[in-house]
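Residue strings, one per chain:
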Amino acid sequence: MKKKIILILINCILLSGCGISEGKETATETEIEIETKEESVEMASEIVTTVDPKEVFEGVQLQKSAKLITDHNPVMVQRFGADPYALVYDGRVYIYMTGDKPSYNADGSIKENTYGNINTINVVSSDDLVNWTDHGTVFAAGKTGAASWGPNSWAPAAAYKNIDGKDKFFLYFANNGNGIGVLTSDSPVGPFVDELGGPLISRETPTCAEVTWLFDPAVLMDEDGSAYIYFGGGVPSPDKASNPGTARVAKLGDDMMSLEGDPIAIENVDYLFEDSGINKIDGTYYYSYCSNFNVTPEAASELGFESGEIVTMKSDSPMGPFERCNAVLKNPERFFGRGGNNHHAMFEFNGEYYITYHSRILEEGLGMDGGYRSTNVDKLMLNENNEPSKSVGTKAGVAQLKPLDPYTEVKAVTLSNAAGINTKQYGDVAKECGSGDMILTGISSGAWTSVSGADFGTEGAHEIAFTVNVKETDPDSEYRGAIRVCLDSPSSEAVGYAIIENEKKDNMEVVASFEEPVTGQHSVYFVYAGEGYDVYSWIAR
């Protein structure tokens, strides 16, 4: 026989985001005819339940970033990076940095940075100078590093050259103050290897034994294909502070891993301290460096620069002689209140000039005070003669050069800002060598990441899909975590949520659907709840 049964269907409607109503339940009656037998049992109502993402985020407090959401400096907040050097390649700027590593006393207090434990080089890149992709830390030196013969890797410099029809990349670094090594790779992000098996420049190199600090390389690739390396620094004795005589330049061999002739002294470098730099602008070569901390008031008045300031010299030849030019950037203490050594690199990108340098604003934002450095980028000022001249360090940084395209896969480690996260190597190659593919990790409730200036166009996006790896499950929870998508502020109302299933799985796609299409250009913030999962990438569609 047939019986007419009325089922009460409870539908959970999850609505979220700007201008969208709270999650609520609606009940509807549906009459259906079901063929049954006389002895059939009574049917029960079916209740469909779904995790309410708003409840997931209830009580979650946003973690605090080390910089304001309006600031673009420092360029990286997930770890420290000093002595920056810029390489422009294939439409991107790659910045290589000394991998400052905080050390702690037994009581948990921070130790002053001695640089003695540094053996990695950090790499990030950007095509807009605001959103920076983390490429990891090159395991450059130390027992497990590529150059295991050296204990340290400081102050990197990078270059590339087309050799036998293929671009090859060279990463130069200082083995503390006693020599310079070079690593090679087929990619700007590695893996890097040590083909030489020893230093390129050492105390045994002619004219270098007397260099106080045999470090801080910079490399020039000239238009004719020739290459030059600049290095050295230090003050041999107090009486030589005004003219230490410790700067050197040498021509590199065609292989970029040998010297063509002996290094020669760069003469009359006023108050040299450290930090070699080299640029060619309109046919003029500009050698730059950091002045030492013995500049007297009288000398400052005469020369136009102070202690710990970036200074330039110029020449019509890559090997000099060089003559005095302009001061470029004062010590970071002038701009940010915390001083120390000063280190820079000037570079051209898309027809404009910029200067990257380090400061201590990240450690200050983290509530630390140990001399740990982070990297900034600001505009480089050129005077009426097109010479580098006095520039200014800021927390605001530079304006974004181009919109970010959210419709192509964006690595989750591409960041304009972040709080409460880490990054780590992803895949066997990166894990072994330190740099390459990376993944967002260390997530906890209230952590967040952002990208700036994502352009969703006029038709807009209906969802963002994330690729996540769930590392562990929680037997007491229906879900592993969730991601809240916000526009223009991490505290704004959500436009969508993605719930992460409580299943141990790699390459899981989770989707945040939008009630209304997201159009136009926005900073996009991803706020995280839960833990035990990593995020690899995202894409709008």
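Residues numbered from 1 in each chain as written. Predicted model: local features only at pLDDT ≥ 70, side-chain atom pairs only at ≥ 80, totals over all residues. Heavy atoms only, no water.

A.B. asks: It is not clear to me how the overall build of the protein chain should be interpreted in this structure. Could you clarify?
C.D. replies: The helix and strand tally for the protein chain stands at five helices and 34 strands. For the protein chain, the spread of C-alpha atoms along the principal axes amounts to about 110 × 55 × 45 Å. Looking at the protein chain as a whole, 55% of its 541 residues are labelled buried. In the protein chain, the proportion of contacts linking residues at least 24 apart, taken out of those at least 6 apart, comes to 63%. If you sum the accessible surface of the protein chain, you get close to 23,100 Å²; carbon and sulfur atoms cover 47% of it. Computed over 41 positive and 80 negative side-chain charges, the inter-centroid distance for the protein chain is 3 Å. (Helix = DSSP H or I, 4+ residues; strand = E, 2+ residues; numbered from the N terminus. Buried < 20%, exposed > 50% of the residue type's maximum accessible area, 1.4 Å probe, protein only. Contact = heavy atoms within 4.5 Å. Areas by Shrake-Rupley, 256 points an atom, 1.4 Å probe, with all protein chains shown as cover. Lys, Arg positive; Asp, Glu negative; His and termini not counted. Charge placed at Lys NZ, Arg CZ, Asp CG, Glu CD.)

A.B. asks: What should I look at first to understand the pattern of salt bridges in this one?
C.D. replies: Pairing between side chains of opposite charge can happen when their charged atoms approach one another. By the definition in use, this model includes 27 salt bridges. The salt bridge partner of Lys280 is Glu223, with a shortest N-O separation of 2.6 Å. With Lys280 in strand 14 (residues 272-281) and Glu223 in the loop between strand 10 (218-221) and strand 11 (227-232), this pair connects stretches of sequence that are 57 residues apart. Its relative accessible area of 27% is what places Lys280 among the partly exposed residues. Using a relative accessible area of 65% as the deciding quantity, one classes Glu223 as exposed. (Salt bridge = Lys/Arg side-chain N within 4 Å of Asp/Glu carboxyl O.)

A.B. asks: What should I look at first to understand the pairing of strand 6 (residues 132-139) in this one?
C.D. replies: Looking along a regular strand, one sees the side chains alternate between the two faces of the sheet. When you tally the buried positions in strand 6, you get seven out of eight residues, the bulk of the element. Sheet topology places strand 5 (residues 120-126) next to strand 6; five bridges connect them, and they run antiparallel. Bridged to Ile121 within strand 6 is Val138. The turn joining strand 5 and strand 6, which pair antiparallel and follow one another in sequence, is formed by five residues; a positive phi near 65° is taken by Leu129. As judged from the two bridges shared by strand 6 and strand 24 (residues 414-415), these two strands associate in the antiparallel manner. Bridge pairing in strand 24 places Trp132 opposite Leu415. (Pairing = 2+ DSSP bridges.)

A.B. asks: Looking at this structure, I do not really get the packing of aromatic side chains. What am I missing?
C.D. replies: Between two aromatic rings, the relevant description is the distance of the centres plus the angle of the planes. A full pass over the atoms with the stated rule returns 20 aromatic pairs. With centroids separated by 5.7 Å and ring planes inclined at 45°, the aromatic side chains of Phe57 and Tyr497 adopt a geometry described as tilted. Here Tyr497 lies in strand 31 (residues 494-501) and Phe57 lies in the loop between helix 1 (53-56) and strand 3 (82-89), a separation of 440 residues in the sequence. Side by side, Phe57 and Tyr497 carry an identical accessibility label, which is buried. With 5.6 Å between their ring centres and 25° between their planes, Phe347 and Tyr354 make a pair best called stacked. Of the two residues examined, Phe347 and Tyr354, each falls in the buried class. Site record: aromatic cluster; members linked through ring pairs are Trp213, Phe215, Phe273 and Phe293. (Phe/Tyr/Trp six-rings, centres within 6.5 Å; stacked < 30°, edge-to-face > 60°.)

A.B. asks: Would you take a moment to explain the sheet that holds strand 19 (residues 352-359) for this structure?
C.D. replies: Adjacent strands of a sheet pair through backbone hydrogen bonds, lying either parallel or antiparallel. Spatial strand order, 18-19-20: three strands in an open sheet with antiparallel pairing. In this open sheet, the two strands that pair with only one neighbour each are strand 18 (344-349) and strand 20 (374-379). Direction aside, neighbouring strands of the sheet carry axes that sit 25° apart on average. One ladder, built from six bridges, connects strand 18 with strand 19; its direction is antiparallel. Each bridged residue has a counterpart across the sheet, and for Phe347 the counterpart in strand 19 is Tyr354. (Axes fitted to C-alpha atoms, helices over the stretch in contact; angles between N-to-C directions.)

A.B. asks: Help me out: how do you make sense of the side chain of Arg484 in this one?
C.D. replies: Among the structural elements, Arg484 can be located in strand 30 (residues 479-487). Despite being buried, Arg484 has no salt bridge partner; Glu493 is the closest side chain of opposite charge, sitting 9.8 Å away. Not counting chain neighbours up to four residues away, the residues in contact with Arg484 comprise Phe57, Leu62, Pro490, Ala494, Gly496, Tyr497, Tyr525, Phe526 and Val527.

A.B. asks: Looking at this structure, I do not really get the side chain of Arg248. What am I missing?
C.D. replies: By the element assignment, Arg248 lies in strand 12 (residues 247-252). In this structure Arg248 comes out as buried when scored by relative accessible area, which is 4%. Side-chain polar atoms of Arg248 contact the backbone oxygen of Gly245, separated by 3.0 Å. For Arg248, the contacting residues outside a window of four places in its chain are Thr207, Glu210, Val211, Ile229, Tyr230, Phe231, Pro263, Ile264, Ala265 and Ile266. (Polar contact = N/O pair within 3.5 Å; in protein donor to acceptor, adjacent residues only side chain to side chain.)

A.B. asks: Would you take a moment to explain the pairing of strand 29 (residues 461-470) for this structure?
C.D. replies: For strand 29, the tally of buried residues reaches seven of ten residues, placing the bulk of the element in the interior. Bridge count for strand 29 against strand 32 (residues 505-518) is eight bridges, and the pairing is antiparallel. Within strand 32, the position partnered with Val468 by the bridge is Met508. Alignment of strand 29 against strand 34 (residues 533-540), held across seven bridges, turns out to be antiparallel. Within strand 34, the position partnered with Val470 by the bridge is Tyr533.

A.B. asks: I keep staring at the sheet that holds strand 10 and nothing clicks. Help me out?
C.D. replies: As summarised here, the arrangement of the four strands in space is 10-11-12-13, forming an open sheet in which the pairing is antiparallel. If you trace the sheet from one side to the other, it starts and ends with strand 10 and strand 13 (264-265), each paired once. Pairing geometry for strand 10 and strand 11, over four bridges, is antiparallel. Bridged to Val219 within strand 11 is Ile229.

A.B. asks: It is not clear to me how the environment of Thr144 should be interpreted in this structure. Could you clarify?
C.D. replies: Note that Thr144 resides in the loop between strand 6 and strand 7 (154-163). Thr144 sits in the exposed class, given a relative accessible area of 71%. It is 18 Å that separates the C-alpha atoms of Thr144 and Pro156, two residues lying twelve residues apart in sequence.

A.B. asks: Would you mind going over the state of the cysteines with me for this structure?
C.D. replies: Every disulfide links exactly two cysteines, by a covalent bond between their sulfur atoms. In this structure the tally under the stated criterion is zero disulfides. The thiol of Cys290 is unpaired, and the distance to the nearest cysteine sulfur, on Cys325, comes to 17 Å. (Disulfide = S-S within 2.5 Å.)

A.B. asks: Mind showing me how you'd approach the environment of Met438 here?
C.D. replies: For Met438, the position within the fold is in strand 27 (residues 438-441). Among the residues examined, Met438 registers a relative accessible area of 2% and is labelled buried. Residues Met438 and Asp194 lie 244 residues apart in sequence; the distance between their C-alpha atoms is 22 Å. In this view, Met438 contacts Asp134, His135, Gly136, Val413, Thr423, Lys424, Gln425, Tyr426 and Tyr536; residues no more than four positions away in its chain are not counted.

A.B. asks: Before we go on, may I ask you to explain the confidence of the model for the protein chain in this structure?
C.D. replies: Do not read the fine detail of predicted coordinates wherever pLDDT is low. Scored by pLDDT, the protein chain has a mean of 92; 91% of the residues are at 70 or more. Confidence over residues 1-49 falls short of pLDDT 50; this stretch has 80 contacts with residues more than four positions distant or in other chains. (pLDDT = per-residue confidence, 0-100.)

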